[in-house]
Amino acid sequence: MKIKQLILHVFIIQCLALIVTGCNIPQNQTSKDYMVLLKATNPTPRTVASDSKGEELITDIEKNIEAHKDLYDVAVIKGKKHILVVYKVKHLQRFHMKKIEKEVNEKLEKEYPDENFIVSSDYKIFLEAVRLEEKMKDTNFSEEKADQEFERIIKLKKELT
Amino acid sequence: MLVGKQSWIFQQHPVIAATGVSGGPFEANGHLAEDFDILHDDLWMGQDSYEKAQRVLIEEAIQTVMQKGNIQKEDVQFLIAGDLINQITPTSFAARTAQIPYFGLFGACSTSMEGLALASFMVNYKGAKNVLTGASSHNAATEKQFRYPTEYGGQKPPTAQWTATGAGVALVTDKKNGENLPYTTSATIGKVIDMGLTDPFNMGGAMAPAAADTITAHLKDLQLEPSHYDLIVTGDLARVGRETVLDLLETNGLKMDPNRFLDCGLMLYKEDQPVQAGGSGAGCSAIVLYGHLLNQMKKGIYKRILLVATGALLSPLSFQQGESIPCIAHAVSIEI
Amino acid sequence: MGNKKQKKTPEQQQYEQLQQKHETKRPIFKNCLKAFFVGGFICTIGQAISYFYIYFFNFTEQTAGNPTVATMIFLAMLMTGFGFYDRIGQFAGAGSAVPITGFGNAVISAAIEHRTEGFVLGVGGNMFKLAGSVILFGVFAAFVVALIKTLLIMWGVI
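Now for a quick tour of the structure. Please read these numbers as outputs of a predicted model, since none were measured by experiment.

With that out of the way, let us pick up the overall build of chain A. When you go through chain A residue by residue, the secondary structure sums to five helices and four strands. When its helices and strands are written in sequence order, chain A yields α-β-α-β-β-α-β-α-α. Across the 161 residues that make up chain A, the buried fraction comes to 39%. Excluding contacts between residues fewer than 6 apart, the proportion of contacts in chain A whose partners are at least 24 apart in sequence is 63%. Carbon and sulfur atoms form 56% of the exposed surface of chain A, whose accessible area is close to 10,300 Å².

Contacts between the two partners involve 14 residues from chain C, matched on the other side by 22 residues from chain A. At the boundary of chain C with chain A, total buried surface from both sides reaches about 1,700 Å², with 60% on carbon and sulfur atoms. Ranking the residues of chain C by area buried against chain A places Y51, Y55 and E61 of chain C at the top, with a combined share of 37%. Counting across the chain C and chain A interface gives one salt bridge. With a closest N to O distance of 2.8 Å, E61 of chain C and R94 of chain A form a salt bridge. For the side of chain C that touches chain A, the secondary structure elements donating two or more residues are α2 (28–56) and α3 (65–82) of chain C. When residues of the side of chain C that touches chain A are assigned to their parent elements, the largest contribution, three residues, is made by α2 of chain C. Residues belonging to the side of chain C that touches chain A are distributed by class as follows: seven nonpolar, five polar and two charged.

The next thing to look at is the packing of helix α4 (residues 111–124) of chain B against helix α9 (residues 282–298) of chain B. Two measures define how a pair of helices packs: the angle their axes make with one another and the distance between the axes. Residue and element names in this part refer to chain B. Where α4 meets α9, the axes come as close as 7 Å, and the angle between the chain directions of the two elements is 60°. Taken together, the axes of α4 and α9 are oblique relative to one another. Here S112, M113 and L116 of α4 lie close against α9, whose contacting residues are A282, S285, A286, L289 and Y290. Of the residues contributing to the contact of α4 with α9, the split by class is six nonpolar, two polar and no charged.

Let us look at the environment of Y53 of chain C. Residues and elements named next belong to chain C. Summarising the element assignment, Y53 is placed in helix α2. A relative accessible area of 16% means that Y53 is categorised as buried. The sequence separation of Y53 and G65 amounts to 12 residues, and the corresponding C-alpha distance is 9.3 Å. Among all residues touching Y53, those that are not within four sequence positions of it are N58, F59, P67, T68 and T71. A polar contact is formed between the side chain of Y53 and the side chain of T71, at a distance of 2.8 Å.

Not every positive phi belongs to a glycine, and Q87 of chain B is a case in point at roughly 60°. Within the fold, Q87 of chain B resides in the loop between β5 (78–82) and α3 (89–98).

Now for the interface of chain C and chain B. Of the residues lining the interface, 39 residues belong to chain C; the matching set on chain B comes to 39 residues. In terms of surface lost to chain B, no three residues of chain C exceed Y15, H22 and E113 of chain C, which account for 22% of the buried area on that side. Between chain C and chain B we count two salt bridges in total. Across the pair K21 of chain C and D247 of chain B runs a salt bridge whose closest N-O atoms are separated by 3.2 Å. Inspection of the chain C/chain B interface yields 14 residue pairs in polar contact (both at pLDDT 80 or more). Of all elements in the fold, only α1 (10–22), α4 (85–92) and α6 (100–113) of chain C reach the threshold of two or more residues within the side of chain C that touches chain B.

Residue and element names in this part refer to chain B. Grouped together as the largest cluster of nonpolar side chains are 48 residues, with contacts concentrated most on L116, L268, L289, Y290, L293 and I334. Considering each element in turn, this core owes the most residues, 10 residues, to α9. In this structure, V3, L237, L246 and I325 belong to the second largest nonpolar core, which totals 35 residues.

Once that is clear, we can look at the packing of aromatic side chains. Summed over the entire model, instances satisfying the criterion amount to 17 aromatic pairs over all chains. Note on Y148 of chain B and Y152 of chain B: the rings are 5.2 Å apart at their centroids and 55° apart in plane angle, and the pair reads as tilted. We classify Y148 of chain B as partly exposed; its relative accessible area is 38%. When the ring of Y53 of chain C is compared with that of F59 of chain C, the centres are 5.8 Å apart and the planes differ by 85°; the resulting orientation is edge-to-face. Chaining the aromatic ring pairs together yields one cluster made of F52, Y53, Y55, F56, F57 and F59 of chain C. Of note, R94 of chain A hangs over the ring of Y123 of chain A, and the distance from its end group to the ring centre comes to 5.4 Å. Cation over ring: R96 of chain B sits above F93 of chain B, and NZ or CZ is 4.7 Å from the ring centre.

Comparison of the two pairs of chains in contact shows the highest number of contacts for chains B and C. One finds no contact linking chain A with chain B; the least C-alpha distance across the pair is 9 Å.

What counts, and at which threshold
Residues numbered from 1 in each chain as written. Chains lettered and ligands numbered in written order. Predicted model: local features only at pLDDT ≥ 70, side-chain atom pairs only at ≥ 80, totals over all residues. Heavy atoms only, no water. Helix = DSSP H or I, 4+ residues; strand = E, 2+ residues; numbered from the N terminus. Buried < 20%, exposed > 50% of the residue type's maximum accessible area, 1.4 Å probe, protein only. Contact = heavy atoms within 4.5 Å. Areas by Shrake-Rupley, 256 points an atom, 1.4 Å probe, with all protein chains shown as cover. Buried area = accessible area lost by both parts, 1.4 Å probe. Salt bridge = Lys/Arg side-chain N within 4 Å of Asp/Glu carboxyl O. Nonpolar A, V, L, I, M, F, W, Y, C, P; charged D, E, K, R; others polar. Axes fitted to C-alpha atoms, helices over the stretch in contact; angles between N-to-C directions. Parallel < 35°, antiparallel > 145°, perpendicular 65-115°, else oblique. Polar contact = N/O pair within 3.5 Å; in protein donor to acceptor, adjacent residues only side chain to side chain. Core = buried A, V, L, I, M, F, W, Y, C linked by side-chain atoms within 4.5 Å. Phe/Tyr/Trp six-rings, centres within 6.5 Å; stacked < 30°, edge-to-face > 60°. Lys NZ or Arg CZ within 6 Å of the ring centre and 35° of its normal.

In structure tokens:
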């Protein structure tokens, strides 16, 4: 009994310690990906290839999608062949995920019929998109690498259990 | 001698010369820890299964009683005992070690008094000079058989009871009572009473009618008033069953003094132990009677007691098949 | 299963009434609250583990379910093995029995218990004593629901 009590107490203290260190928000962290899962971070849309016409297009897309009443955060990244549009759905509207996905798809098809879109509501894809966007801020990050990352994200999106 | 409908009187006063009581960790932390001869601090007792641990409990109790009674196993004619496990294997295996001619008994939690009644009868009528009788139970082994695995997180209701871990064995002998030892004076054998209750988590409520029936029969057969006894103790009715039986007896015209009507299941454990309604098990009545109560009698606190051990005669299968719980109670009176 | 409601004689019914008076009633409301909060807490831990896998590893929301469930069951195994899952169960009731950890506890406790009878007949034969019905009826229910859904789609209702 005594040793079980001891193990139990150590276990609880360790859990508490982990939780406390985990909740500690470091002030000097520049990367925004920390809070991505928890609240809206509003990342700026990016293109993988430098393409001034593309910039306008994706800013436009972002504004368009953000206007949707059930979404609260959008990330747009334009690659060579596809445009990745990831959004976060408001918590109570998560029951209508499928419907929202259909609406977003339809809207994008209607307004930008020439582009290929990949649409996702997944938190992981959003997180990866934000991470990619952070990396692209760094001018040393080559286009090839950005493109590779982009393709990896698309592949991740297509994964099923 | 047969008196009334279902009772015996033991005119030769068979003496309970010695007792051996072993217990487990919960009992060691309970109210009556000082009255145990051997206590263990875990449920395994150095064995690799709970059933084997229960056998060890019985063997230790038998060894202790023979030591205290200053007797060799060659001088003991019979061993009459039982427990709750399927085919009463722990007791049978302990009997194998003891090498004493053996009667295996099953009365669920009323086994202890069933054994004491039969042992007293045998000694009284010169069927034996020395008889060992007892009962035992083991919490984990019983839970495994009747309910759920011990680590299962199922919630027990407040009417549930905690099976005691322990073995109590007594030596009943025909030697004349030179040293002021307790002796049995009468016994009443109960019949099976079933009031249609089906909840296996509420044994107290199911067993109360059997206890009431046997107490009523005992007092009628021997033509006694409840006040004849300093103490009437039930085996394992616990809180719910004890209140019910007091109410039931009063409804039938027998008013008991609640201060002189106790229950082994309630006496065994402290308030802060998580035993819900109280203790139960074949060992419960044995360890409390053969340990604490007989010690109290030797100290002069009680002169005449009636012990009514109650048992619920169900099995896990009968419950699943939709049967209700039939119960039985046996009473033995002890004086000093 | 025999008939559960066997006819009771008047004497039995009378006794049942008398007994009900003394039977300690379960504190249902308190139990519900406790179950709610403990169950919610377990689910919060599960969500935190899910986020942990999404953040640090390459799992999407779709695929993070697998490692999350595995981790929760691992934690249930530790708690069952150390002997305090049954205390939590006594306190929380359904709150700890319903989440996946409860299922894990049912299987693991049965496996631990029957180790004494050997691995094949003891552990193997008795491991699903409690969880067997969950698996059987869960699979059967899933089959029935899928069948209904297929039929409804075929007839154009959905």
